[in-house]
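What follows is each chain in one-letter form.
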Amino acid sequence: MLYTMFKKNYDKMGIVFKEDAKYFLENVKAKTETCIITNSETDSVVRKLHKMSDDHFYIPVYGNAKKYILDDGWRDLPESAEKNGLDRPIFLRRKLYWNVLQQLMQEKNISSEEVCVVGDIYELDLVMPEHKAMHIILTPREKTPQFEIDWVKSYSRGYVANGLSDAYSFIAGNLKAA
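**Comments concerning helix H4 (residues 95-108)**
Taking 1.5 Å per residue as the helical rise, H4 with its 14 residues ought to reach 20 Å, and the 20 Å between its terminal C-alpha atoms agrees with that figure. Lining the buried residues of H4 we find strand S1 (36-37), strand S2 (61-62), strand S5 (116-119) and helix H5 (122-131). Backbone geometry just downstream of H4 places Asn109 in the positive-phi region, at approximately 55°.

**Some points on the side chain of Arg93**
Mapped onto the fold, Arg93 is located in the loop between strand S4 (90-91) and H4. Asp72 provides the closest opposite charge to the buried, unpaired Arg93, separated from it by 5.1 Å. Within polar-contact distance, the side chain of Arg93 engages the backbone oxygen of Trp74 at 2.9 Å. Discounting residues that sit within four places of it in the chain, Arg93 has contacts with Ile69, Leu70, Asp71, Asp72, Trp74, Arg75, Leu77, Pro78 and Glu79.

**Digging into the sheet that holds strand S7 (residues 158-160)**
What the 3 strands build is an open sheet, ordered S5-S6-S7; its pairing is parallel. Looking along the sheet, the strands with just one partner apiece sit at the ends: S5 and S7. For this sheet, the mean inter-axis angle between neighbouring strands, taken without regard to orientation, is 15°.

**What to know about helix H3 (residues 42-52)**
The complete set of buried residues in H3 reads Ser44, Val45, Val46, Leu49 and Met52. At its buried positions, H3 is contacted by helix H2 (21-31), S1 and S2.

**With respect to the packing of aromatic side chains**
Under the counting rule described, the total for this entry stands at 4 aromatic pairs. Taking 5.2 Å as the distance between ring centres and 55° as the angle between the ring planes, the aromatic pair formed by Tyr122 and Trp151 counts as tilted. Of this pair, Tyr122 sits in helix H5 while Trp151 is found in helix H6 (residues 146-154), placing the two residues 29 residues apart along the sequence. With a centroid separation of 5.0 Å and 45° between ring planes, the pair formed by Phe147 and Trp151 is classed as tilted. Here the residue Phe147 and the residue Trp151 both occupy positions in helix H6, the gap between them amounting to 4 residues, near one helical turn. Given the relative accessible area of 6%, Trp151 is considered buried. Members of the aromatic cluster, connected to one another through ring pairs, are Tyr122, Phe147 and Trp151. Across from the ring centre of Tyr97, 5.2 Å away, lies the NZ or CZ of Lys67, which sits over that ring.

Analysis parameters
Residues numbered from 1 in each chain as written. Predicted model: local features only at pLDDT ≥ 70, side-chain atom pairs only at ≥ 80, totals over all residues. Heavy atoms only, no water. Helix = DSSP H or I, 4+ residues; strand = E, 2+ residues; numbered from the N terminus. Expected span 1.5 Å × (residues − 1). Contact = heavy atoms within 4.5 Å. Buried < 20%, exposed > 50% of the residue type's maximum accessible area, 1.4 Å probe, protein only. Lys, Arg positive; Asp, Glu negative; His and termini not counted. Salt bridge = Lys/Arg side-chain N within 4 Å of Asp/Glu carboxyl O. Polar contact = N/O pair within 3.5 Å; in protein donor to acceptor, adjacent residues only side chain to side chain. Pairing = 2+ DSSP bridges. Axes fitted to C-alpha atoms, helices over the stretch in contact; angles between N-to-C directions. Phe/Tyr/Trp six-rings, centres within 6.5 Å; stacked < 30°, edge-to-face > 60°. Lys NZ or Arg CZ within 6 Å of the ring centre and 35° of its normal.

Here is the structure:
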């Protein structure tokens, strides 16, 4: 019932884009093959993009990644990782998220080393891609713990961006164009 209420009222909520989201999407899509992976349903994200600009409407959106769901039966990754600064494990087995990333890589005929994932929540967005050898960019929120920032900085394929404009500058200057 709660999910039904949420879904029914989702489009009534205001849309708030991160600062520089339009700039980021306009520029990153000109340099790379860009897509959006979301926990949300695809159609709701497409509608949001359309409200931002008609120009972004064609960016592929891969929905229902369900990054928050763990799959103990999936054995492609260790169950968890220990990270300095955190007194609990970080769980890695986000198979539904991996399935979406894998679908994208198969469609684009690219390897995980050629993928760059930009996210603002390390544990949901970036830890599994990190363990699959992808490039990761953290766009920290105001309350992102320093230890998460430090983890991304210590990863050889990681970058901590000061907003989406900075994330784009890093991508444009450091990653091979698709």
